[in-house]
Amino acid sequence: MLHWAPGFDCGRYKQLAYRDLRAFLTRLEREGELKRITAEVDPVLEITEITNRVTKAGGPALLFERPKGSNIPVVINLLGSERRVNLALEVDDIDQVANRVRSFLDVQTPQGFLDKVKMLPKLAELGSFFPKTVKSGPCKEVIRKEDFSLSFFPILKCWPQDGGRYITWPMVITKNPETGKRNVGCYRMQVFDERTTGMHWQTQKHGAEHFRSARSRHGTGKLEVAVAIGADPATALAGILPVPPDLDEFMFSGFLRRDAVELVPCETVGLEVPANAEIVLEGYVDLSEMRTEGPFGDHTGFYSLEGEYPVFHVTCITHRKDPLYLTTIVGPPPQEDFFMGHAIERIFLPVMKMQFPEIVDVAMPAEGIFQNLMIVAIRKSYPGHARKIMNAIWSLGQAMFTKVIVVVDHDVDVQNPREVVWKTLCAIDPQRDIEFVLGPVDTLEHASRLQDFGSKMGIDATRKWQSEGFARPWPDEIRMDAATKSRVDALWQSLGIDVSRPR
Ligand SMILES: Cc1cc2nc3c(=O)[nH]c(=O)nc-3n(C[C@H](O)[C@H](O)[C@H](O)COP(=O)(O)O)c2cc1C
Ligand SMILES: [Mn+2]
């Protein structure tokens with residue numbers, strides 16, 4: 001059920017945030033963006049094969065009503081298209097969210113009384129995005145402290161060589177043992193048995209940092225963990241948002257949904273979870289326990305190898321009376337994670353531009369699987385500027401993983417791969433313009449010399465300047481003059497040539 005309430009602006013109707021996952025599904029169904037599947041389908045491999053075909057064809061979100069072996073329906077491909085991401089964030093275009101981010105970043109130090117008064121609504125709005133703790137919520141409709149098993153849930157085995165079934169879209173919640181600040185991360189969880197899973201905290205991620213910090217403080221013992229599965233779409237995205245350490249992802253979800261995320265305290269651990277969640281797993285990670293996890297068909301399009309990871313022990317499960325199991329698959333691109341990641345890239349671009357105003361645009365094509373390729377257009381204003389930007393990106397949060405950075409001039413359309421290939425290759429003297437650095441690489445990087453450590457490459461594909469030691473003239477790009485173009489435009493019909501007007 002969707003809620004509509006009178007808005008404050010212009011007497012128009014303002015839509016409130018989706019209350020939960022099912023409210024969003026209702027909207028998707030009304031928009032023709034949800035397909036219910038009533039046939040029995042196996043969560044072992046079959047759901048992946050169907051979803052992979054549907055995502056690649058630009059098809060709808062899927063609700064598998066009869067997954068084999070469970071009476072809980074599976075929701076998948078929820079955000080597997082640009083349109084559904086826009087519906088999730090209630091915009092027509094993702095840049096509208098980026099503009100909202102920019103409007104908050106643009107708030108200047110007020111100069112006078114009037115300026116201060118003008119700022120108040122913005123500050124009040126910001127305050128309304130902080131998560132709110134409430135007493136109870138639908139995720140507590142059923143509380144199972146004794147009688148529970150992960151086998152109740154239709155957890156997918158995604159690809160043939162996967163080490164088992166994996167929970168792929170959890171919100172994994174921990175608190176920083178030093179500061180008490182919350183982190184929410186989406187980290188896959190391999191099901192080991194009815195009450196234990198793996199916890200795939202990659203080395204540089206905040207969950208892994210909490211684990212290391214707890215170990216160095218206490219040596220042995222437990223780190224409490226809560227895992228929420230399925231929520232309204234902006235909240236469900238929390239775990240994926242690349243926000244700085246100790247910044248609460250749920251606050252950012254509140255910003256995205258324009259309403260606070262409501263949290264409820266867990267039953268057996270000192271953590272809070274979204275009240276509207278479908279399923280919650282409470283438990284702990286034992287600080288002295290590691291177990292082999294993997295392999296897993298990953299978003300690189302290859303299997304990530306086995307590795308040693310912490311183990312999550314479930315001590316209690318709470319869920320709705322009729323829970324839905326939200327999941328996703330990764331694999332050969334593009335998959336659903338491309339659409340989620342692309343939206344996040346656009347939303348965070350204003351933040352990147354605030355720190356580096358010379359950045360004009362950024363593109364991360366699907367085949368670059370996020371960490372392999374970033375194309376950056378800059379307004380170059382001093383010698384070596386392209387290399388400065390490469391280094392900036394390699395030190396910017398998760399962008400540190402970027403294996404290849406291509407920096408082009410501001411007049412190159414980075415969203416057009418053909419133009420990028422053409423102009424990049426024309427602009428480089430490879431020996432001079434390619435730079436290698438050593439540093440941290442993504443844990444999933446399988447070609448690097450070591451896990452988590454390897455080399456990265458920057459390509460300076462900007463025009464070279466005299467002040468950079470380039471002594472030759474740089475040629476102009478070929479462009480027909482405007483007068484000739486308009487003369488030919490006027491003639492075009494009469495020529496009877498059967499092609500649409502070339503650009
Ligand atoms: C579907 C999906 C699965 C993911 N699985 C993992 C994972 O298993 N381990 C991991 O470290 N990151 C994984 N990620 C990436 C993290 O969610 C992402 O880097 C996030 O920003 C980490 O949060 P943190 O910065 O608070 O650690 C996954 C992302 C998606 C979209
Ligand atoms: Mn984080």
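As shown above, the structure is provided for reference.
As the structure is a computational prediction, the values presented were derived from the model and not from experiment.

I keep staring at the coordination of the manganese ion (ligand 2) and nothing clicks. Help me out?
Under perfect tetrahedral coordination by four donors, a metal shows angles of 109.5 degrees; under perfect octahedral coordination by six donors, it shows angles of 90 or 180 degrees. Every protein donor of the manganese ion (ligand 2) is listed here as Asn183 (OD1), His206 (ND1) and Glu249 (OE), and their distances to the metal cover 2.1 to 2.2 Å. The class for glutamate 249 is buried, based on a relative accessible area of 2%.

Would you explain the sheet that holds strand β3 (residues 34-41) in this entry?
Consider a sheet: its strands pair through backbone hydrogen bonds, and that pairing is either parallel or antiparallel. Reading across from one edge, β3-β4-β5-β20 is the order of the four strands in this open sheet, with mixed pairing throughout. Two strands in the sheet have a free side with no partner beyond their single neighbour: β3 and β20 (325-326). One ladder, built from six bridges, connects β3 with strand β4 (residues 61-67); its direction is parallel. In the sheet register, isoleucine 37 faces β4, and the bridge partner there is phenylalanine 64. Packing of helix α2 (residues 46-56) onto the sheet brings it into contact with β3, β4 and β5 (74-76), and relative to β4 it is tilted by some 160 degrees.

I keep staring at the site of ligand 1 and nothing clicks. Help me out?
In the vicinity of ligand 1, 18 residues are found, and the nearest of them are Cys186, Tyr187, His200, His206 and Gln398. Contact distances for ligand 1 include 2.9 Å between an oxygen atom and a side-chain N or O atom of asparagine 183. Within the backbone of histidine 206, an N or O atom sits 2.7 Å from an oxygen atom of ligand 1. In terms of residue count, strand β10 (residues 182-185) provides more of the shell around ligand 1 than any other element does, three residues in total. Along the lines of polarity and charge, the residues of the shell around ligand 1 split into six nonpolar, nine polar and three charged.

Please clarify how the packing of aromatic side chains should be interpreted in this entry.
Note on aromatic pairs: each is described by the distance of the centres and the angle between the planes. Inspection of the entire model under this criterion finds 13 aromatic pairs. Arranged with centres 5.5 Å apart and planes meeting at 90 degrees, the rings of phenylalanine 129 and phenylalanine 255 form a pair that is edge-to-face. Of this pair, phenylalanine 129 sits in the loop between α5 (113-127) and β6 (132-133) while phenylalanine 255 is found in helix α8 (residues 249-257), placing the two residues 126 residues apart along the sequence. Each member of the pair phenylalanine 129 and phenylalanine 255 is classed as buried. When the ring centre of phenylalanine 192 is taken as reference, the NZ or CZ atom of arginine 291 above it lies at 3.9 Å.

It is not clear to me how the sheet that holds strand β15 (residues 272-274) should be interpreted in this structure. Could you clarify?
Pairing is mixed in the open sheet, where three strands are placed in the order β6-β14-β15. The two strands at the open ends of the sheet, each matched to only one other strand, are β6 and β15. Sheet topology places strand β14 (residues 262-265) next to β15; three bridges connect them, and they run antiparallel. Each bridged residue has a counterpart across the sheet, and for leucine 263 the counterpart in β15 is proline 274.

How should I be thinking about the pairing of strand β11 (residues 189-193) in this particular structure?
A regular strand carries its side chains on alternate faces of the sheet. Bridge count between strand β8 (residues 166-167) and β11: two bridges; the pairing is antiparallel. Paired with tyrosine 166 across the strands is glutamine 190, a residue of β11. Bridge count for β11 against strand β12 (residues 196-198) is two bridges, and the pairing is antiparallel. Looking at β12, one finds that aspartate 193 is bridged to threonine 196. Adjacent in sequence and paired antiparallel, β11 and β12 are bridged by two residues.

I tried to follow empty space enclosed by the protein on my own but got confused; where do I start?
Where empty space is left becomes clear once a probe the size of a water molecule has been rolled over the atoms. Counted by the stated rule, this structure contains three cavities of 30 Å³ or more. Forming the boundary of the largest cavity are His299, Gly331, Pro333, Pro334, Gln335, Asp337, Phe338, Ala366, Ile369 and Phe370. Within the lining of the largest cavity, the residues separate by chemical class into six nonpolar, three polar and one charged. There is about 40 Å³ of room inside the second largest cavity. For the lining of the second largest cavity, the secondary-structure elements that each account for two or more residues are α3 (82-89), α7 (233-236) and α8. Its residues assigned to classes, the lining of the second largest cavity shows six nonpolar, no polar and three charged.

Please clarify how the environment of glutamate 224 should be interpreted in this entry.
Looking at the secondary structure, you find glutamate 224 in strand β13 (residues 222-229). With near-sequence residues (within four places) excluded, glutamate 224 lies in contact with Ile173, Thr174, Thr268, Val269, Gly270, Leu271, Gly283 and Tyr284. In terms of polar contacts, glutamate 224 uses its side chain to reach the backbone amide nitrogen of glycine 270, at 2.8 Å.

Help me understand unusual backbone geometry, please; the structure alone is not making it clear to me.
With glycine set apart, most residues show a phi of negative sign, and most peptide bonds adopt trans. Following glycine 294, the chain continues to proline 295 via a peptide bond in cis, the omega torsion being -10 degrees. In the Ramachandran plot, asparagine 77 falls in the positive-phi region, its phi being about 60 degrees despite a non-glycine side chain. Mapping asparagine 77 onto the fold places it in the loop between β5 and α3. Positive phi is not limited to glycine here, since phenylalanine 370 has a value of about 70 degrees. Inspection of the secondary structure puts phenylalanine 370 in the loop between β21 (359-363) and β22 (373-378). With a relative accessible area of 18%, phenylalanine 370 lands in the buried category.

Is there a simple way to explain α2 in this structure?
Because an α-helix packs 3.6 residues into every turn, residues spaced three or four apart end up facing the same way. Within the span of α2, buried status applies to Ile47, Thr48, Thr51, Asn52, Val54 and Thr55. Looking at the buried positions of α2, the neighbouring elements they touch are β3, β4, β5 and α9 (336-355). Just downstream of α2 lies glycine 58, where phi reads positive at about 75 degrees.

How should the pattern of salt bridges be read in this particular structure?
Any two side chains of opposite charge can pair, given that their charged atoms come close. Considering all chains together, one arrives at 35 salt bridges under this definition. Across the pair glutamate 267 and lysine 145 runs a salt bridge, and its minimum N-O distance is 3.9 Å. On the criterion of sequence distance, the pair formed by glutamate 267 in the loop between β14 and β15 and lysine 145 in the loop between β7 (142-144) and β8 is long-range, its members being 122 residues apart. One salt bridge in this structure joins arginine 182 and glutamate 272, with 2.9 Å as the shortest N-O distance. Taken together, the residues arginine 182 in strand β10 and glutamate 272 in strand β15 connect sequence positions 90 residues apart. You can call glutamate 272 buried: its relative accessible area is 18%. In this structure, a network of salt bridges that share partners links the residues Asp20, Arg22, Glu278, Arg320 and Asp322.

Cut-offs used in this document
- Residues numbered from 1 in each chain as written.
- Chains lettered and ligands numbered in written order.
- Predicted model: local features only at pLDDT ≥ 70, side-chain atom pairs only at ≥ 80, totals over all residues.
- Heavy atoms only, no water.
- Donors = N, O, S within 2.8 Å, 3.2 Å for Na, K, Ca; no water.
- Buried < 20%, exposed > 50% of the residue type's maximum accessible area, 1.4 Å probe, protein only.
- Pairing = 2+ DSSP bridges.
- Helix = DSSP H or I, 4+ residues; strand = E, 2+ residues; numbered from the N terminus.
- Contact = heavy atoms within 4.5 Å.
- Axes fitted to C-alpha atoms, helices over the stretch in contact; angles between N-to-C directions.
- Near = heavy atom within 4 Å.
- Polar contact = N/O pair within 3.5 Å; in protein donor to acceptor, adjacent residues only side chain to side chain.
- Nonpolar A, V, L, I, M, F, W, Y, C, P; charged D, E, K, R; others polar.
- Phe/Tyr/Trp six-rings, centres within 6.5 Å; stacked < 30°, edge-to-face > 60°.
- Lys NZ or Arg CZ within 6 Å of the ring centre and 35° of its normal.
- 1 Å grid on protein atoms, 1.4 Å probe; cavity = no way out; pocket = protein on both sides within 12 Å on 5 of 7 lines; lining within 4 Å.
- Points joined across faces, edges and corners; volume = space filled by probe spheres on them.
- Salt bridge = Lys/Arg side-chain N within 4 Å of Asp/Glu carboxyl O.

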